[in-house]
Amino acid sequence: HAVVVVDSSGSMRKRDVAGYSSRTHAVYECLATEFITPQLETPKGGKAAKAVLSLIEMSDSSSVVFERQEITAQLRNQVRNRGSRVARSHGNYLPALDAVVDLLRDDLTKPVQVYIVFLSDGAPSDHINMLCGHGVAVWSANPLGNTRANGKPELNLCCTNKKQQGLCRYKVRDNMVKACLQQISAIGDMFGRERVRVNTVAFGPAGEDYAVLEKMSTVLPMGTFTKLGLSSINLSSAFST
């Protein structure tokens, strides 16, 4: 059972991948061409592996586009058509990981190998709406609309002590990261850590923060992390591999 999670946040609309109308377009075209097509091309007399594919799209919340679909030419076309959709809002990892866990529950009693591909073009945004110990969303923009010297909005303050304020922001983000890793660990505990392969894929500008994606790949023994930049050639290679 291959479960593919694709970032559908607003940054995936950007037109910075050569030959494609958006990052979303590039991802789905390469997924169709390099991930699905090879499984349709079974050598004459050969026997295709019995595999099914599920697709989850990640934004503020997450949605299961389809689940446990057999690998067919029709499915390839369905995946390719997702490339024209308009991505929007934030990329929250935790709802996507929750969706993966819920989706996999039906596989618990079956002799299934689980293969997860988690693709994003940046760091998770879950911490923006999380509350610190003082009950304040310290990563959210101040409702007064004030801006800092760099033009970015001022963030909410939970106290006047700068050191404590910084500590609160650190703890909120750290708790978010731990929650992501705990979800990966929970999947391993559900199936046995040798039955789950977690592949995290960074498809975005080299300067973005992919630390959480990389950490997610290290939780289980058969995890991998791939940093691709915005190269469609690298993306194709990652999917085919």
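Each value, and the rule that gives it
Residues numbered from 1 in each chain as written. Predicted model: local features only at pLDDT ≥ 70, side-chain atom pairs only at ≥ 80, totals over all residues. Heavy atoms only, no water. Buried < 20%, exposed > 50% of the residue type's maximum accessible area, 1.4 Å probe, protein only. Helix = DSSP H or I, 4+ residues; strand = E, 2+ residues; numbered from the N terminus. Pairing = 2+ DSSP bridges. Right-handed = clockwise from strand over helix to strand, strands pointing away. Core = buried A, V, L, I, M, F, W, Y, C linked by side-chain atoms within 4.5 Å. Contact = heavy atoms within 4.5 Å. Axes fitted to C-alpha atoms, helices over the stretch in contact; angles between N-to-C directions. Parallel < 35°, antiparallel > 145°, perpendicular 65-115°, else oblique. Nonpolar A, V, L, I, M, F, W, Y, C, P; charged D, E, K, R; others polar. Phe/Tyr/Trp six-rings, centres within 6.5 Å; stacked < 30°, edge-to-face > 60°. Expected span 1.5 Å × (residues − 1). Salt bridge = Lys/Arg side-chain N within 4 Å of Asp/Glu carboxyl O.

For the rest of this paragraph, the subject is the pairing of strand E5 (residues 196-203). With 7 of 8 residues buried, E5 lies mostly within the body of the structure. Two strands pair when backbone bridges link them, and strand E4 (residues 114-120) and E5 are joined in this way by 7 bridges, in the parallel orientation. By the bridge assignment for E5, Ile116 is matched with Val198. For the segment spanning E4, helix H4 (residues 162-191) and E5, crossover handedness is right-handed. In the classification by handedness, the crossover that spans E5, the intervening helix H5 (residues 211-217) and the parallel strand E6 (residues 224-229) is right-handed.

A word on the nonpolar core. Counting 31 residues, the largest nonpolar core has Tyr93, Val100, Leu104, Ile116, Phe118, Ile187 and Val196 as the members making the most contacts within it. A total of 9 residues in this core trace back to one element, the largest contributor, which is helix H3 (residues 93-104). Contacts of Tyr93, omitting those with residues within four sequence positions, involve Met58, Phe118, Ser120, Gly122, Ala123, Pro124, Asp126, Cys180, Val212, Leu213 and Met216. Among the nonpolar cores identified, the runner-up in size contains 27 residues, and Val17, Leu55, Ala87 and Leu235 belong to it.

Running from N to C, H3 and H4 cross one another at 10°; their axes reach a closest spacing of 10 Å. The angle between the axes of H3 and H4 places the two elements in the roughly parallel class. Taken together, the residues of H4 that come into contact with H3 (itself represented by Tyr93, Leu94, Leu97, Asp98, Val100, Val101 and Leu104) are Met176, Ala179, Cys180, Gln183, Ile184, Ile187, Met190 and Phe191. Residues that form the contact of H3 with H4 fall into these classes: 13 nonpolar, 1 polar and 1 charged.

Tallying each qualifying case throughout the model produces 3 aromatic pairs. Taken together, the ring pairs connect Phe35, Tyr115 and Phe239 into an aromatic cluster.

Here we take up the sheet that holds E4. Read across the open sheet, the 6 strands follow the order E3-E2-E1-E4-E5-E6; overall the sheet is mixed. Edge positions in the open sheet fall to strand E3 (62-70) and E6, since each of these has one partner strand only. Taking the axes of each pair of neighbouring strands and ignoring which way they run, one obtains an average angle of 15° across the sheet. Sitting on the sheet, helix H2 (residues 73-81) touches strand E2 (52-58) and E3, and the angle it makes with E3 is about 160°. Sitting on the sheet, helix H6 (residues 232-240) is in contact with E4, E5 and E6, with an inclination near 160° to E6.

The subject of this paragraph is H3. Its 12 residues give H3 an end-to-end C-alpha distance of 17 Å, which sits within 8% of 16 Å, the value for a rise of 1.5 Å per residue. Where burial is concerned, most of H3 is hidden: 9 out of the 12 residues are buried. Looking at H3, one finds that the buried residues are Tyr93, Leu94, Ala96, Leu97, Ala99, Val100, Val101, Leu103 and Leu104. For H3, the elements touching its buried residues are strand E1 (2-7), E2, E3, E4, H4 and H5.

Applying the stated criterion to the full structure yields 11 salt bridges. With its nearest N and O atoms 2.6 Å apart, the salt bridge here joins Asp16 to Arg23. Between Arg193 and Asp189 there is a salt bridge; the shortest N-O distance is 3.5 Å. Here Arg193 falls in the partly exposed class, since its relative accessible area comes to 31%. On the accessibility criterion, Asp189 (55% relative accessible area) is exposed. What you see here is one network of salt bridges that share partners, running through Asp16, Arg23 and Asp121.

The values are spatial; any link to function lies outside them.
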